[in-house]
Amino acid sequence: MIEVRDLVYEYPTKRALDGVSLTVQPQTITALVGPNGAGKTTLLRCLAALEAPYSGTVTINGLDTRESPRAIHAHLGYLPDFYGLYDELSVRRCLLYAAWSHGIAPALSSGAVEKAAQRVGLVDRLETRAGELSRGLRQRLAIGQAIVHEPNVLLLDEPAAGLDPQARRDLSALLRKLREAGMTLVVSSHILAELEDYCSEMIIVEGGHVVGGKPIKVRDDERPRYLIELATARSDLRSFLTGAGIDVLEADDHHALITFTRNPGARAKLIRDIVKAGFELSSFGESTKALEEAYFSQVAGGANGT
Ligand code: ATP
(Lines give C-alpha, C1' and ligand atoms only; values in the text may rest on other atoms or scores of the structure.)
Protein backbone atom coordinates (compact mmCIF):
# COMPACT_ATOMS: atom_id res chain seq x y z
CA MET A 1 0.00 0.00 0.00
CA ILE A 2 2.74 2.50 1.02
CA GLU A 3 6.31 1.66 -0.01
CA VAL A 4 9.29 3.91 0.60
CA ARG A 5 12.70 2.90 -0.74
CA ASP A 6 15.97 4.71 0.02
CA LEU A 7 14.23 8.08 0.25
CA VAL A 8 16.50 11.10 0.42
CA TYR A 9 15.00 14.58 0.77
CA GLU A 10 16.96 17.79 1.02
CA TYR A 11 15.99 21.34 1.85
CA PRO A 12 18.44 23.90 0.42
CA THR A 13 20.40 23.94 3.67
CA LYS A 14 19.55 20.58 5.20
CA ARG A 15 19.27 16.88 4.34
CA ALA A 16 16.06 16.08 6.24
CA LEU A 17 15.62 12.44 5.17
CA ASP A 18 18.59 10.23 4.51
CA GLY A 19 17.90 6.78 3.07
CA VAL A 20 14.47 6.09 4.55
CA SER A 21 12.86 2.75 3.65
CA LEU A 22 9.58 1.50 5.07
CA THR A 23 6.41 -0.37 4.21
CA VAL A 24 2.93 0.36 5.54
CA GLN A 25 0.43 -2.47 5.23
CA PRO A 26 -3.15 -1.80 4.12
CA GLN A 27 -5.81 -1.13 6.76
CA THR A 28 -3.37 -0.45 9.56
CA ILE A 29 -2.72 2.62 11.68
CA THR A 30 0.98 3.38 11.86
CA ALA A 31 2.42 5.73 14.44
CA LEU A 32 5.26 7.89 13.16
CA VAL A 33 7.24 8.96 16.20
CA GLY A 34 10.52 10.71 16.86
CA PRO A 35 11.98 13.81 18.48
CA ASN A 36 11.47 17.36 17.19
CA GLY A 37 13.23 17.88 13.89
CA ALA A 38 13.51 14.14 13.21
CA GLY A 39 11.93 14.45 9.76
CA LYS A 40 8.37 13.26 10.42
CA THR A 41 6.62 16.19 8.72
CA THR A 42 8.99 16.00 5.77
CA LEU A 43 8.34 12.27 5.45
CA LEU A 44 4.56 12.77 5.61
CA ARG A 45 4.79 15.47 2.93
CA CYS A 46 6.80 13.09 0.73
CA LEU A 47 4.16 10.36 1.30
CA ALA A 48 1.46 12.89 0.43
CA ALA A 49 3.17 13.54 -2.93
CA LEU A 50 3.66 17.17 -1.94
CA GLU A 51 7.46 16.96 -2.07
CA ALA A 52 9.51 15.19 -4.72
CA PRO A 53 12.35 13.02 -3.38
CA TYR A 54 15.93 14.03 -4.13
CA SER A 55 16.49 10.31 -4.70
CA GLY A 56 14.71 7.06 -3.88
CA THR A 57 11.06 6.23 -4.45
CA VAL A 58 7.72 6.58 -2.72
CA THR A 59 4.81 4.53 -4.04
CA ILE A 60 1.23 4.84 -2.81
CA ASN A 61 -1.31 2.28 -4.03
CA GLY A 62 1.32 1.21 -6.59
CA LEU A 63 1.75 4.75 -8.00
CA ASP A 64 5.02 6.67 -7.88
CA THR A 65 4.63 10.07 -6.15
CA ARG A 66 7.00 11.71 -8.62
CA GLU A 67 5.18 10.40 -11.69
CA SER A 68 1.52 10.47 -10.61
CA PRO A 69 0.93 13.01 -7.82
CA ARG A 70 -2.56 13.97 -9.04
CA ALA A 71 -3.74 10.35 -9.31
CA ILE A 72 -2.40 9.75 -5.78
CA HIS A 73 -4.20 12.80 -4.39
CA ALA A 74 -7.50 11.35 -5.66
CA HIS A 75 -7.16 8.53 -3.11
CA LEU A 76 -5.19 10.20 -0.36
CA GLY A 77 -6.12 12.57 2.45
CA TYR A 78 -3.60 14.72 4.32
CA LEU A 79 -4.03 16.72 7.51
CA PRO A 80 -1.00 19.02 7.96
CA ASP A 81 0.21 19.99 11.44
CA PHE A 82 -0.82 23.60 10.83
CA TYR A 83 -3.95 23.76 8.75
CA GLY A 84 -6.18 26.66 7.90
CA LEU A 85 -9.95 26.70 7.88
CA TYR A 86 -12.11 29.35 6.27
CA ASP A 87 -13.53 30.76 9.49
CA GLU A 88 -16.31 32.72 7.77
CA LEU A 89 -17.67 29.62 5.99
CA SER A 90 -20.15 27.23 7.57
CA VAL A 91 -19.07 23.65 8.22
CA ARG A 92 -21.18 22.62 5.21
CA ARG A 93 -19.45 25.16 2.95
CA CYS A 94 -15.99 24.15 4.20
CA LEU A 95 -16.71 20.51 3.37
CA LEU A 96 -18.28 21.49 0.04
CA TYR A 97 -15.22 23.53 -0.85
CA ALA A 98 -13.00 20.52 -0.01
CA ALA A 99 -15.24 18.24 -2.09
CA TRP A 100 -14.99 20.52 -5.11
CA SER A 101 -11.22 20.92 -4.63
CA HIS A 102 -10.95 17.15 -4.81
CA GLY A 103 -12.86 17.16 -8.07
CA ILE A 104 -16.11 15.65 -6.79
CA ALA A 105 -18.85 16.46 -9.31
CA PRO A 106 -21.40 19.06 -8.06
CA ALA A 107 -24.23 16.50 -8.30
CA LEU A 108 -22.40 14.17 -5.91
CA SER A 109 -20.84 16.74 -3.61
CA SER A 110 -23.74 17.29 -1.21
CA GLY A 111 -23.92 13.53 -0.57
CA ALA A 112 -20.15 13.49 0.02
CA VAL A 113 -20.48 16.42 2.45
CA GLU A 114 -23.25 14.70 4.43
CA LYS A 115 -21.24 11.48 4.64
CA ALA A 116 -18.04 13.23 5.75
CA ALA A 117 -19.98 15.27 8.36
CA GLN A 118 -21.55 12.10 9.67
CA ARG A 119 -18.19 10.29 9.88
CA VAL A 120 -16.58 13.06 11.90
CA GLY A 121 -19.68 13.72 14.03
CA LEU A 122 -20.53 17.20 12.75
CA VAL A 123 -23.99 16.59 11.27
CA ASP A 124 -25.63 18.84 13.85
CA ARG A 125 -23.09 21.62 13.20
CA LEU A 126 -23.37 21.85 9.43
CA GLU A 127 -24.67 25.43 9.54
CA THR A 128 -22.22 26.63 12.24
CA ARG A 129 -19.41 28.94 11.13
CA ALA A 130 -16.00 27.25 11.29
CA GLY A 131 -14.71 30.21 13.33
CA GLU A 132 -17.20 29.41 16.10
CA LEU A 133 -16.08 25.79 16.58
CA SER A 134 -14.03 24.61 19.56
CA ARG A 135 -10.51 23.32 18.94
CA GLY A 136 -11.67 19.68 18.99
CA LEU A 137 -14.48 20.34 16.52
CA ARG A 138 -12.15 22.33 14.24
CA GLN A 139 -9.86 19.31 14.21
CA ARG A 140 -12.78 17.08 13.26
CA LEU A 141 -13.78 19.49 10.50
CA ALA A 142 -10.22 19.48 9.15
CA ILE A 143 -10.26 15.68 9.12
CA GLY A 144 -13.68 15.81 7.43
CA GLN A 145 -12.14 17.97 4.70
CA ALA A 146 -9.30 15.47 4.31
CA ILE A 147 -11.66 12.49 3.89
CA VAL A 148 -14.52 14.04 1.92
CA HIS A 149 -13.32 12.28 -1.26
CA GLU A 150 -13.20 8.92 0.60
CA PRO A 151 -9.46 8.29 0.30
CA ASN A 152 -8.01 4.90 1.19
CA VAL A 153 -4.84 6.46 2.64
CA LEU A 154 -5.02 9.14 5.34
CA LEU A 155 -1.94 10.93 6.68
CA LEU A 156 -2.27 13.02 9.84
CA ASP A 157 0.48 15.24 11.22
CA GLU A 158 0.13 15.74 15.00
CA PRO A 159 -3.68 15.48 14.99
CA ALA A 160 -3.97 15.33 18.78
CA ALA A 161 -1.92 18.46 19.49
CA GLY A 162 -3.79 20.92 21.66
CA LEU A 163 -6.84 18.73 22.23
CA ASP A 164 -8.38 18.17 25.65
CA PRO A 165 -8.66 14.59 26.97
CA GLN A 166 -12.25 14.11 25.77
CA ALA A 167 -11.47 15.47 22.29
CA ARG A 168 -8.42 13.18 22.11
CA ARG A 169 -10.56 10.21 23.08
CA ASP A 170 -13.06 11.17 20.37
CA LEU A 171 -10.20 11.45 17.89
CA SER A 172 -8.97 7.93 18.80
CA ALA A 173 -12.46 6.54 18.23
CA LEU A 174 -12.74 8.34 14.90
CA LEU A 175 -9.39 7.05 13.63
CA ARG A 176 -10.26 3.48 14.62
CA LYS A 177 -13.58 3.82 12.80
CA LEU A 178 -11.84 5.03 9.64
CA ARG A 179 -9.47 2.07 9.74
CA GLU A 180 -12.37 -0.32 10.21
CA ALA A 181 -13.98 1.29 7.16
CA GLY A 182 -10.90 0.23 5.16
CA MET A 183 -8.49 3.17 5.36
CA THR A 184 -4.74 2.96 5.89
CA LEU A 185 -3.58 5.66 8.30
CA VAL A 186 -0.20 7.11 9.23
CA VAL A 187 -0.26 9.39 12.27
CA SER A 188 2.64 11.40 13.61
CA SER A 189 2.48 12.37 17.24
CA HIS A 190 4.46 13.01 20.37
CA ILE A 191 1.71 11.68 22.62
CA LEU A 192 2.83 8.08 22.77
CA ALA A 193 0.33 6.87 25.36
CA GLU A 194 -2.52 7.85 23.07
CA LEU A 195 -1.10 6.40 19.90
CA GLU A 196 -1.29 3.12 21.74
CA ASP A 197 -5.07 3.38 21.76
CA TYR A 198 -5.31 2.98 18.03
CA CYS A 199 -1.95 2.27 16.35
CA SER A 200 -0.96 -1.23 15.35
CA GLU A 201 2.54 -0.35 14.09
CA MET A 202 5.21 2.11 15.12
CA ILE A 203 7.98 3.61 13.02
CA ILE A 204 10.64 5.66 14.80
CA VAL A 205 12.40 8.40 12.86
CA GLU A 206 15.45 10.20 14.20
CA GLY A 207 17.90 12.49 12.40
CA GLY A 208 16.33 11.69 9.02
CA HIS A 209 16.68 7.91 9.45
CA VAL A 210 14.27 5.16 10.44
CA VAL A 211 15.93 3.95 13.64
CA GLY A 212 13.37 1.45 14.79
CA GLY A 213 9.89 0.14 14.54
CA LYS A 214 7.72 -2.70 15.64
CA PRO A 215 4.18 -3.95 15.62
CA ILE A 216 2.18 -2.69 18.57
CA LYS A 217 -0.70 -4.62 19.98
CA VAL A 218 -3.59 -2.16 20.10
CA ARG A 219 -4.84 -1.70 23.63
CA ASP A 220 -7.79 -3.95 24.26
CA ASP A 221 -9.99 -2.86 27.15
CA GLU A 222 -11.18 -6.43 27.73
CA ARG A 223 -7.69 -7.94 27.77
CA PRO A 224 -5.27 -5.29 29.04
CA ARG A 225 -1.52 -5.65 29.18
CA TYR A 226 0.04 -6.61 32.50
CA LEU A 227 3.68 -6.26 33.41
CA ILE A 228 5.12 -9.04 35.56
CA GLU A 229 8.36 -8.20 37.36
CA LEU A 230 10.61 -10.64 39.22
CA ALA A 231 13.01 -9.80 42.05
CA THR A 232 15.34 -12.59 40.92
CA ALA A 233 16.06 -13.47 37.29
CA ARG A 234 14.60 -16.70 35.88
CA SER A 235 15.35 -17.70 32.31
CA ASP A 236 12.22 -19.87 32.17
CA LEU A 237 9.75 -17.04 32.80
CA ARG A 238 8.55 -16.93 29.20
CA SER A 239 8.28 -20.70 28.80
CA PHE A 240 6.40 -20.99 32.09
CA LEU A 241 3.84 -18.40 31.00
CA THR A 242 3.36 -19.70 27.46
CA GLY A 243 3.09 -23.21 28.93
CA ALA A 244 0.22 -21.92 31.07
CA GLY A 245 -1.52 -20.68 27.91
CA ILE A 246 -0.74 -16.99 28.56
CA ASP A 247 -0.37 -14.60 25.62
CA VAL A 248 3.19 -13.25 26.12
CA LEU A 249 4.01 -10.05 24.20
CA GLU A 250 7.58 -9.63 25.43
CA ALA A 251 9.71 -11.31 28.05
CA ASP A 252 13.23 -11.41 29.44
CA ASP A 253 14.63 -12.96 32.63
CA HIS A 254 13.20 -10.26 34.89
CA HIS A 255 10.02 -9.09 33.14
CA ALA A 256 7.15 -10.28 31.05
CA LEU A 257 4.50 -8.25 29.30
CA ILE A 258 1.33 -10.26 28.83
CA THR A 259 -2.28 -9.72 27.83
CA PHE A 260 -4.75 -11.17 30.27
CA THR A 261 -8.38 -10.91 31.26
CA ARG A 262 -9.57 -8.22 33.66
CA ASN A 263 -11.35 -10.90 35.67
CA PRO A 264 -10.04 -10.47 39.26
CA GLY A 265 -10.43 -14.16 40.14
CA ALA A 266 -8.44 -15.26 37.09
CA ARG A 267 -5.73 -12.73 37.87
CA ALA A 268 -5.53 -13.87 41.50
CA LYS A 269 -5.13 -17.45 40.30
CA LEU A 270 -2.37 -16.49 37.85
CA ILE A 271 -0.47 -14.66 40.61
CA ARG A 272 -0.85 -17.70 42.88
CA ASP A 273 0.43 -20.00 40.11
CA ILE A 274 3.46 -17.79 39.44
CA VAL A 275 4.39 -17.74 43.12
CA LYS A 276 3.68 -21.47 43.53
CA ALA A 277 6.11 -22.16 40.68
CA GLY A 278 8.85 -20.52 42.74
CA PHE A 279 9.16 -17.19 40.91
CA GLU A 280 9.99 -14.24 43.18
CA LEU A 281 7.22 -11.98 42.04
CA SER A 282 7.96 -8.35 42.92
CA SER A 283 5.18 -6.69 40.93
CA PHE A 284 2.14 -7.52 38.81
CA GLY A 285 0.25 -4.57 37.38
CA GLU A 286 -1.55 -3.20 34.36
CA SER A 287 0.86 -1.64 31.86
CA THR A 288 -0.35 1.39 29.92
CA LYS A 289 2.97 2.49 28.53
CA ALA A 290 4.16 -0.26 26.19
CA LEU A 291 4.62 2.06 23.23
CA GLU A 292 6.49 4.62 25.28
CA GLU A 293 8.77 1.92 26.68
CA ALA A 294 9.41 0.51 23.19
CA TYR A 295 10.18 4.02 21.94
CA PHE A 296 12.71 4.80 24.64
CA SER A 297 14.37 1.42 24.26
CA GLN A 298 14.91 2.02 20.54
CA VAL A 299 15.88 5.71 20.16
CA ALA A 300 19.45 6.73 20.84
CA GLY A 301 19.96 7.43 24.52
CA GLY A 302 17.09 5.16 25.49
CA ALA A 303 17.39 3.11 28.61
CA ASN A 304 18.48 0.03 26.68
CA GLY A 305 19.97 2.19 23.90
CA THR A 306 19.99 -0.23 20.94
P1 ATP B 1 8.59 18.31 14.72
O2 ATP B 1 8.26 17.11 15.55
O3 ATP B 1 9.28 19.38 15.50
O4 ATP B 1 7.44 18.81 13.91
P5 ATP B 1 9.66 16.83 12.47
O6 ATP B 1 10.11 15.48 12.90
O7 ATP B 1 8.33 16.92 11.82
O8 ATP B 1 9.75 17.85 13.66
P9 ATP B 1 10.66 18.15 10.10
O10 ATP B 1 9.76 19.34 10.26
O11 ATP B 1 10.38 17.19 9.02
O12 ATP B 1 10.80 17.37 11.49
O13 ATP B 1 12.15 18.72 9.90
C14 ATP B 1 13.25 17.88 9.65
C15 ATP B 1 14.50 18.73 9.55
O16 ATP B 1 14.43 19.56 8.40
C17 ATP B 1 14.69 19.67 10.74
O18 ATP B 1 16.08 19.73 11.02
C19 ATP B 1 14.19 21.00 10.23
O20 ATP B 1 14.85 22.06 10.88
C21 ATP B 1 14.56 20.92 8.77
N22 ATP B 1 13.62 21.71 7.95
C23 ATP B 1 12.29 21.59 7.93
N24 ATP B 1 11.75 22.44 7.02
C25 ATP B 1 12.78 23.11 6.47
C26 ATP B 1 12.90 24.11 5.46
N27 ATP B 1 11.83 24.61 4.84
N28 ATP B 1 14.13 24.54 5.14
C29 ATP B 1 15.25 24.05 5.74
N30 ATP B 1 15.20 23.10 6.70
C31 ATP B 1 14.00 22.64 7.06
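Scroll up to find the structure this text is about.
A. Highlighting unusual backbone geometry. Although it is not a glycine, Asp-6 sits at a positive phi angle of roughly 50 degrees. By secondary structure assignment, the location of Asp-6 is in strand S1 (residues 2-11). Here the phi dihedral of Glu-158 falls at roughly 50 degrees; this positive angle occurs in a residue that is not glycine. Among the structural elements, Glu-158 can be located in the loop between strand S7 (153-157) and helix H6 (165-180). On the basis of relative accessibility, which here comes to 16%, the residue Glu-158 falls in the buried class.

B. Spotlight on empty space enclosed by the protein. All chains considered together, the criterion is met by one cavity of 30 Å³ or more. Taken as a whole, the largest cavity encloses approximately 30 Å³ of empty space. When contributions to the lining of the largest cavity are tallied by element, the ones reaching two or more residues are strand S2 (14-24), strand S3 (29-33) and helix H1 (40-47). A class-by-class count of the residues in the lining of the largest cavity yields seven nonpolar, one polar and no charged.

C. Summary view of helix H4 (residues 106-119). The end-to-end C-alpha separation of H4 is 20 Å, in line with the 20 Å expected for 14 residues at 1.5 Å each. Those residues of H4 lying buried are Ser-109, Ala-112, Val-113, Ala-116, Ala-117 and Arg-119. Buried residues of H4, seen end-on, are gathered within an arc of 155 degrees and therefore sit on one face of the element. Among the exposed residues of H4, those pointing more than 90 degrees away from its buried face are Ala-107, Leu-108 and Gln-118. Contact partners of the buried residues in H4: helix H3 (91-101), helix H5 (135-147) and H6. Backbone geometry just after H4 places Gly-121 at a positive phi near 70 degrees.

D. A look at the sheet that holds strand S5 (residues 63-64). Strand order in the open sheet formed by four strands is S2-S1-S4-S5, with antiparallel pairing between adjacent strands. Of all strands in the sheet, those with a lone pairing partner are S2 and S5, marking the two edges. Each of S1, S2 and strand S4 (55-60) is contacted by H1, which is oriented at about 120 degrees to S1, the strand it contacts most.

E. Highlighting the nonpolar core. Formed by 46 residues in total, the largest nonpolar core has its most connected members in Leu-141, Ile-143 and Leu-175. Apart from residues lying up to four places away in sequence, Leu-141 is in contact with Leu-85, Val-91, Cys-94, Leu-95, Leu-122, Ala-130 and Leu-133. Leu-32, Ala-49, Tyr-78 and Ile-203 belong to the second-largest nonpolar core, a separate cluster that totals 26 residues.

F. Main features of the side chain of Arg-119. With respect to the element layout, Arg-119 can be found in helix H4. Among buried Asp, Glu, Lys and Arg side chains, Arg-119 stands out as unpaired, with Glu-150 the closest opposite charge at 4.4 Å. Other than its neighbours up to four places away in sequence, Arg-119 contacts Ile-147, Glu-150, Leu-174, Lys-177, Leu-178, Ala-181 and Met-183.

Calculation notes
- Residue positions are given per chain, counted from 1 along the sequence in the order it is written.
- Thresholds applied to this predicted model are a pLDDT of at least 70 for local features of residues and 80 or more for the giving and counting of side-chain atom pairs; totals over whole chains, interfaces and linings are not thresholded and use all residues.
- Water and hydrogen atoms were dropped before computing side-chain values, which therefore reflect all heavy atoms in the structure.
- Only DSSP runs of H or I covering at least 4 residues are called helices, and only runs of E covering at least 2 are called strands; the numbering of each starts at the N terminus.
- When accessible area is computed with a 1.4 Å probe and restricted to protein chains, residues below 20% of their type maximum are described as buried, those above 50% as exposed, and intermediate ones as partly exposed.
- With a 1 Å grid laid over protein atoms only, a set of points is called a cavity when a 1.4 Å probe fits there but cannot get out and a pocket when it is open yet has protein on both sides within 12 Å along at least five of seven lines; lining residues have an atom within 4 Å of a point.
- Grid points are joined across faces, edges and corners, and a volume is the space filled by probe spheres set on the points.
- Residues are grouped as follows: Ala, Val, Leu, Ile, Met, Phe, Trp, Tyr, Cys and Pro are nonpolar; Asp, Glu, Lys and Arg are charged; every other residue, Gly included, is polar.
- Here the expected span of a helix is defined as 1.5 Å times the quantity of residues minus one.
- The arc in question is the one spanned by the directions pointing from the helix axis to the C-beta atoms.
- Here, residues are in contact when the closest pair of their heavy atoms is within 4.5 Å.
- Two strands pair if DSSP finds at least two bridges between them.
- To get an axis, a line is fitted to the C-alpha atoms, and for a helix only the part in contact is used. The angle between two axes follows their N-to-C directions and goes from 0 to 180 degrees.
- To define a nonpolar core, start from buried Ala, Val, Leu, Ile, Met, Phe, Trp, Tyr and Cys residues and group those joined through side-chain atoms within 4.5 Å.
- The charge count includes Lys and Arg as positive and Asp and Glu as negative, but it does not include His or the ends of the chains.
- In what follows, salt bridge is the name for a side-chain nitrogen of Lys or Arg lying within 4 Å of a carboxyl oxygen of Asp or Glu.

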